[in-house]
Amino acid sequence: LYTASYCEENVYKFIDRFQSNFNEIYAVFISNPRQQCVIWGQKLSDKPFEKPVCWDYHVIVIAKTVEDLYVFDLDTVLPFPSNFKEYMSRCFNPKTEIISSWWIEFAKHTGHFFRCVEGREFLKTFSSDRRHMRNKRVW
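Structure report, in brief.

Rules behind the numbers
Residues numbered from 1 in each chain as written. Predicted model: local features only at pLDDT ≥ 70, side-chain atom pairs only at ≥ 80, totals over all residues. Heavy atoms only, no water. Salt bridge = Lys/Arg side-chain N within 4 Å of Asp/Glu carboxyl O. Helix = DSSP H or I, 4+ residues; strand = E, 2+ residues; numbered from the N terminus. Buried < 20%, exposed > 50% of the residue type's maximum accessible area, 1.4 Å probe, protein only. Phe/Tyr/Trp six-rings, centres within 6.5 Å; stacked < 30°, edge-to-face > 60°. Contact = heavy atoms within 4.5 Å. Pairing = 2+ DSSP bridges. 1 Å grid on protein atoms, 1.4 Å probe; cavity = no way out; pocket = protein on both sides within 12 Å on 5 of 7 lines; lining within 4 Å. Points joined across faces, edges and corners; volume = space filled by probe spheres on them. Nonpolar A, V, L, I, M, F, W, Y, C, P; charged D, E, K, R; others polar.

1. Details of the pattern of salt bridges
So, point 1. Following the criterion strictly, the structure yields 5 salt bridges and no others.
So, point 2. Note that Asp-46 is salt-bridged to Lys-51, the shortest N-O span being 2.9 Å.
So, point 3. A salt bridge links Glu-105 to Lys-108; its shortest N-O distance comes to 3.8 Å. Of this pair, Glu-105 and Lys-108 both sit in helix 3 (residues 101-110), 3 residues apart, roughly one helical turn.
So, point 4. Take Glu-105: its relative accessible area is 47%, and that puts it in the partly exposed class.

Pasting the structure below:
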């Protein structure tokens with residue numbers, strides 16, 4: 001079950017359903033004080049590895065098995081799941097000449113803060129508040 005623009009609810013459902021398949025699982029919140037988080041490789045972009053998406057925040061799953069560490073991002077064009085190192089490199093530190101230097105500088109200036117919440121704790125404490133999406137009391 002996937003709903004666009006509801007990343008934390010999607011992550012909640014994913015962890016609830018698949019947590020027993022992994023040794024460790026985390027909900028990972030990505031943002032910064034400016035709430036301008038630049039991420040490449042997102043489906044919302046018409047050129048995902050040239051033009052990033054600037055989210056106010058984004059939530060992904062990081063899960064560990066005995067063999068590897070995976071990222072589950074329902075909004076990426078990368079494979080699902082993605083290898084952790086590949087995901088971090090391509091979505092947060094892309095190395096390509098086709099990216100505007102403006103985006104690179106903006107991403108460096110705003111930065112990324114990562115908050116990892118253990119899966120069971122996330123399931124116990126999660127609550128969704130979408131009031132920030134209202135515009136003058138209108139949804």
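Alright, that's what it looks like, and here's the rest.
2. What about the packing of aromatic side chains?
So, point 1. A complete count under the given rule lists 14 aromatic pairs for this structure.
So, point 2. For the pair Phe-14 and Phe-18, a centre-to-centre distance of 4.9 Å together with 45° between the ring planes defines the contact as tilted. Remark: Phe-18 and Phe-14 occur in helix 1 (residues 7-18); sequence separation between them is 4 residues, near one turn of the helix.
So, point 3. Between Trp-102 and Trp-103, the ring centres sit 5.0 Å apart and the planes meet at 80°, which makes this aromatic pair edge-to-face.

3. Some details on the environment of Tyr-70
So, point 1. Looking at the secondary structure, you find Tyr-70 in strand 5 (residues 69-72).
So, point 2. What makes Tyr-70 partly exposed here is its relative accessible area of 24%.
So, point 3. Between the C-alpha atom of Tyr-70 and that of Glu-86, which follows or precedes it by 16 residues, the distance is 9.5 Å.
So, point 4. Here Tyr-70 is in contact with Val-61, Ile-62, Ala-63, Thr-65, Pro-81, Ser-82 and Phe-84, once residues within four sequence places are set aside.

4. Section: the pairing of strand 1 (residues 24-31)
Within a regular strand, side chains alternate between the sheet's two faces.
So, point 1. When strand 1 meets strand 4 (residues 58-64), the two strands line up antiparallel, connected through 7 bridges. Directly across from Glu-24, in strand 4, lies its bridge partner Lys-64.
So, point 2. Pairing between strand 1 and strand 7 (residues 113-118): 6 bridges, direction antiparallel. Across the sheet, residue Ile-30 finds its bridge partner in strand 7, namely Phe-114.

5. Quick word on the environment of Ser-45
So, point 1. By secondary structure assignment, the location of Ser-45 is in the loop between strand 2 (37-39) and strand 3 (53-55).
So, point 2. When the C-alpha atoms of Ser-45 and Thr-76 are compared, they prove to be 9.7 Å apart, with 31 residues separating the residues in sequence.
So, point 3. Residue contacts for Ser-45: discarding those within four places in its chain leaves Lys-51 and Val-53.

6. As for the layout of surface pockets
So, point 1. When its volume is computed, the largest pocket comes out at roughly 170 Å³.
So, point 2. In this structure, the largest pocket is lined by Leu-1, Asn-10, Lys-13, Phe-14, Arg-17, Phe-18, Leu-74 and Phe-80.
So, point 3. When grouped by side-chain class, the residues that make up the lining of the largest pocket number 5 nonpolar, 1 polar and 2 charged.

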